[in-house]
Amino acid sequence: MTTIDRTPNDLPRHPNLLAWVTILTALVSIVAVVILALTHHTEAATAVGALGGAVSTLGGSQVSLRTRR
């Protein structure tokens with residue numbers, strides 16, 4: 001249903017999608033870093049860790065703004 005100014009009144013179907021993607025990216029990067037470090041691929045482990053940390057930081061700052069009260 002729409003209002004008089006034609007603004008949709010529907011809520012997003014997946015409001016927590018960003019949170020799940022951020023959490024999943026962090027977990028996958030942690031596992032990948034551990035596996036790469038154990039197989040003596042330190043440069044790749046560093047790169048994956050930096051990428052996972054950046055995604056987690058950027059996604060985490062947006063997730064904290066969408067808290068429910």
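Every chain is numbered on its own, with residues counted from 1 as its sequence reads. The model is predicted, so local features are restricted to residues of pLDDT at least 70 and side-chain atom pairs to those at 80 or more, both for listing and for counting; the totals for chains, interfaces and linings are taken over all residues. As a rule here, side-chain values come from all non-hydrogen atoms in the structure, and water together with hydrogens is ignored.

Some points on the overall build of the protein chain
A helix here means a DSSP run of H or I that spans at least four residues, while a strand means a run of E at least two residues long, and both kinds are numbered starting from the N terminus. A count of helical and extended segments in the protein chain gives 2 helices and 0 strands. Residue burial in the protein chain is summarised as follows: out of 69 residues, 7% are buried. As presented, the protein chain carries roughly 6,100 Å² of accessible surface, and 68% of it is formed by carbon and sulfur atoms. Only protein chains enter the accessibility calculation, which uses a 1.4 Å probe. A residue is then buried if its area is under 20% of the maximum for its type, exposed if over 50%, and partly exposed in between. Here, Shrake-Rupley sampling with a 1.4 Å probe gives the accessible areas, and only protein chains in the shown set may cover a residue.

Some thoughts on unusual backbone geometry
Of note, the phi angle at histidine 40 is positive, near 65°, even though the residue is not glycine. Structurally, histidine 40 is set in the loop between α1 (17–38) and α2 (42–63). Accessibility expressed as a relative area gives 69% for histidine 40, which makes it exposed.

Points about α1
When the terminal C-alpha atoms of α1 are compared, their 32 Å separation across 22 residues agrees well with the 32 Å that a helix rising 1.5 Å per residue should span. Phi for histidine 40, located one or two positions after α1, is positive at around 65°. For a helix, the expected span equals 1.5 Å multiplied by the residue count minus one.

Some points on the environment of valine 48
Note that valine 48 resides in helix α2. For valine 48 and alanine 32, which are 16 residues apart along the polypeptide, the C-alpha to C-alpha distance reads 7.2 Å. The residues contacting valine 48, other than those within four sequence positions of it, are Ser29, Ala32, Val33 and Leu36. Any two residues whose heavy atoms approach within 4.5 Å are treated as being in contact.

Focus on the side chain of serine 29
The topology assignment puts serine 29 in helix α1. For serine 29, a relative accessible area of 11% puts it in the buried group. A polar atom in the side chain of serine 29 sits 2.9 Å from the backbone oxygen of alanine 26. Not counting chain neighbours up to four residues away, the residues in contact with serine 29 comprise Val48 and Gly52. Distance and chemistry together define a polar contact, namely a pair of N or O atoms within 3.5 Å, with one atom able to donate a hydrogen and the other to accept it when in protein, and with adjacent residues in sequence counting only for side-chain atoms on both sides.

Concerning a nonpolar patch on the surface
Patch definition: residues with relative accessible area over 30% and no salt bridge; like charges joined within 9 Å; nonpolar side chains (Val, Leu, Ile, Met, Phe, Trp, Tyr) joined within 5 Å. Any Lys or Arg side-chain nitrogen found within 4 Å of a carboxyl oxygen on Asp or Glu counts as a salt bridge. A grouping of Trp20, Ile23 and Leu27 is seen on the molecular surface, where their side chains present a nonpolar patch of about 360 Å² in accessible area. Residue tryptophan 20 is classed as exposed on the basis of its relative accessible area of 59%.

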